[in-house]
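Below, each chain spelled out in residue letters.
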Amino acid sequence: MTQTVAAQTVTERAGKPFEEVQPFNIDKFLAASKPLDLSGINLDDAGKHPLSLSEVKVLRYMQDTEFYTVHYMKALMETSALADNECRAFLVCWGYEECFHGRALARILESCGHEASKRSLDEFTRPRKLTEVLQDAGGRLLSMISSDFIAVHNTWGAINELTAVHAYTRLAELSANPVLAAVCRRIVKDERRHFAFYYQQAKRRLTNRLAQRMAAGAIKALWEPVGGSMAPREERDFVGAYLFDDADGHARLREIDATIGKLPAMGWFNMVSSDVIAGTERIRRAGVHVDRPVPCGA
Ligand SMILES: [Fe+2]
Ligand SMILES: [Fe+2]
C-alpha cells in the first residue's frame, strides 16, 4: 500500500476533518458524561479469544495511562484552570471517564488470563518523580504569571487526546480479539469528545502572541507522549511501534501533526510523528520483536 492510499484511507475512516469539529458545548458534554458505554458487550467474553504478548504489553501501558489521568487532573486543578468554569467542569468529567477506560482494559486483560498492570496503582503510593514535580510546579508558576497558561494546557491536551483517538482505533483494527476491538471503538467515542473540548479551547485561546509563544515553548521543551513520565522509554517506544509502524500508522501520525498544525501558530508541529518514528527506530535497533495478531475478519 502506498502512503498516499494509506492517507486517503485514514481520512475516509475519520470522516469529517477534526478541525471541522463543531463548537464545543460544555453543557452537552456534562449531560452526556457517563461511564464507558459497554452496552451489548460482555467483557468476560474477551477470554474466548487470545491476546498476543505484544498486545498485552500495549494494553497494560494504556491501562496505566488511563488511570494516571488523575495525576494530570490534580496538577491542572492546582493551576488557573480551576478558576475557569468550563475547564474545571470538563476536568472532573474527564478524569471520571478515563478511569472507566482503564478499568475496562484491566478487565479484558484479566478475562484473557493476564495480570492487569499494577504500575499506576503503585505510582499513587510513591512520591512523585522529580521531573513531574518540576513540571507541575512550572505549570502552577506559569498560570500565576499569565492567564494564557490555559492555552498551553489545552493545546497539550488536544495532542494527547487526538493521539488516543488514533491509538485506540489502531488497537481495534490490529486485534484478533473482537471484544477488545469493540471496547476500543467505544473508547474512541469518548476520546473524540475529549479531543473536541481541548481542540476548540486551544483554537479559542491561542489568539495572542504570548499564548502562542508559551504554548510553542512549553510543548517544544517538555512535551512527550502521554504516559511518558510514568513508564520507561522502551515501553513507550514499543507501544508506538506496535500501533503505528506501517503505512497506515504513519499516515495517522501525519494526520495528528497536521490537525494540531492547523491551530493558530502551531504550523511547525510535527512532534508526534518524529517521536514515534524515532522510538520505533530504537525498538528496531534493540532487536525487540513486535508481533501483531491476525485482525478479526482479515
Ligand atoms: Fe481514555
Ligand atoms: Fe481521553
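Note: the structure precedes this text.
Residues numbered from 1 in each chain as written. Chains lettered and ligands numbered in written order. Predicted model: local features only at pLDDT ≥ 70, side-chain atom pairs only at ≥ 80, totals over all residues.

> Pulling in residues and values, what's your account of the overall build of the chain?
Within the chain, the regular secondary structure consists of twelve helices and zero strands. Compactness check: the chain gives a C-alpha radius of gyration of 18 Å against a globular reference of 19 Å for 298 residues, within 12% of the reference. Expressed as lengths along the three principal axes of its C-alpha atoms, the size of the chain is roughly 55 × 45 × 40 Å. Here the chain holds 298 residues, and 41% of them are scored as buried. Long-range pairs, those at least 24 residues apart, make up 84% of the contacts in the chain with a sequence separation of at least 6. (Helix = DSSP H or I, 4+ residues; strand = E, 2+ residues; numbered from the N terminus. Rg over C-alpha atoms; globule rule 2.2 N^0.38 Å. Buried ≥ 20, exposed ≤ 12 C-beta atoms within 10 Å, placed from the backbone. Contact = placed C-beta atoms within 7 Å.)

> Break down helix H8 (residues 178-205) for me, citing the residues and quoting the values.
Counting along an α-helix, one turn takes 3.6 residues, and residues three or four places apart therefore face a common direction. With 28 residues, H8 ought to run about 40 Å at 1.5 Å a step, and its terminal C-alpha atoms sit 40 Å apart, in line with that. Among the 28 residues in H8, 20 count as buried, and that is most of the element. (Expected span 1.5 Å × (residues − 1).)

> Which residues make up unusual backbone geometry, and what values do they have?
Although it is not a glycine, Ala 265 sits at a positive phi angle of roughly 65 degrees. Tracing the backbone shows Ala 265 in the loop between helix H11 (247-261) and helix H12 (271-285).

> Could you give an account of the environment of Leu 121, naming the residues involved and the relevant values?
Inspection of the secondary structure puts Leu 121 in helix H5 (residues 119-125). In sequence terms Leu 121 and Tyr 61 are 60 residues apart; their C-alpha atoms lie 13 Å from each other.

> Kindly report on the environment of Ala 116, identifying the contributing residues and their values.
Examined against the element boundaries, Ala 116 turns out to sit in the loop between helix H4 (85-111) and H5. Spatially, the C-alpha atom of Ala 116 lies 22 Å from that of Ser 39, the residues being 77 residues apart in sequence. Contact partners of Ala 116, with chain neighbours within four places excluded, come to Gln 63, Ala 106, Leu 109 and Glu 110.

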